[in-house]
Amino acid sequence: MPAINYSLRIIKDYPTPNVQFIDINTLLAEPEYFTQVIDKMCQTVQQTLPPDLLSKTAIITPESRGFFFAAPVAYRLGLPFLPIRKKGKIPNKPYRFRITNEYDSYDMEVDEELLLSFPNFIYIDDILATGQTLAAVRKAMAAKGKEILLAVHLTSVKSLQTMRDDNPELKNLPLKEIL
């Protein structure tokens, strides 16, 4: 899928100086590429998890860019989808936890009643950078006795690999990227 890689635009010094932001809007504007990405994410999930385990699993992702990928993958695979939203956006029994990443620190929430309905999760998001968001979500899920079995990303920032490798919250978690 090399052509898809070229459809991702790099924005320098956004949202802070010295950051090279990967803009997915150009990918989303190309229906053929977007379809290929969703198909590849579905294939990755199906090739990684056995059907009996997959049938007991829901998809989870933090607001907001991950929604573009997680929702269609959940739809195509016939799996439940639980969005993680910013504080104040979950109307029913919000389970709140803190995320600190390379840009910011903020409270996130997921519907605790729905969360407790599923033992396992697949985490889907757009870009794997430092891994801090994924680590915070995994830790929050573990605190409720839930497990993230697999994390699938569109792509990752290669220069931050060491930082991800050094994060104890990401140990023994299969990390897959499709580009």
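To start, this report covers the structure provided alongside it. (Residues numbered from 1 in each chain as written. Predicted model: local features only at pLDDT ≥ 70, side-chain atom pairs only at ≥ 80, totals over all residues. Heavy atoms only, no water.)

## Examining the side chain of threonine 133
Convention followed: In DSSP terms, a helix is any run of H or I states spanning at least four residues, a strand is any run of E spanning at least two, and both are numbered starting from the N terminus. Only heavy atoms enter the contact rule, under which two residues are in contact if any of them lie within 4.5 Å.
Along the chain, threonine 133 falls in helix α7 (residues 132–143). Those residues within four positions of threonine 133 in sequence are excluded, and the remaining contacts are Pro62, Ile99, Asn101, Tyr106 and Tyr123.

## Some points on the sheet that holds strand β6 (residues 105–111)
As a reminder of what qualifies: In this description, strands pair whenever DSSP reports at least two bridges between them. In this description, a line fitted to the C-alpha atoms serves as the axis of each element, helices being fitted only across the stretch in contact, and the angle between N-to-C directions of two axes falls anywhere from 0 to 180 degrees.
Read from one edge to the other, the open sheet built from 7 strands follows the order β5-β6-β4-β3-β7-β8-β9, with strand pairing classed as mixed. For this open sheet the edge positions go to β5 (94–100) and β9 (175–177), each flanked by a neighbour on one side alone. Here the average twist between neighbouring strands, direction ignored, is 30 degrees. Bridging between strand β4 (residues 81–86) and β6 involves 2 bridges; their strand directions are antiparallel. From the neighbouring strand, arginine 85 faces β6, where its bridge partner is glutamate 109. Most of the contacts of helix α5 (residues 67–77) go to β4, to which it runs at about 160 degrees, and overall it touches β3 (57–62), β4, β7 (120–128) and β8 (147–156). Taken strand by strand, α7 contacts β3, β4, β5, β6, β7, β8 and β9, and its axis lies near 145 degrees from that of β5.

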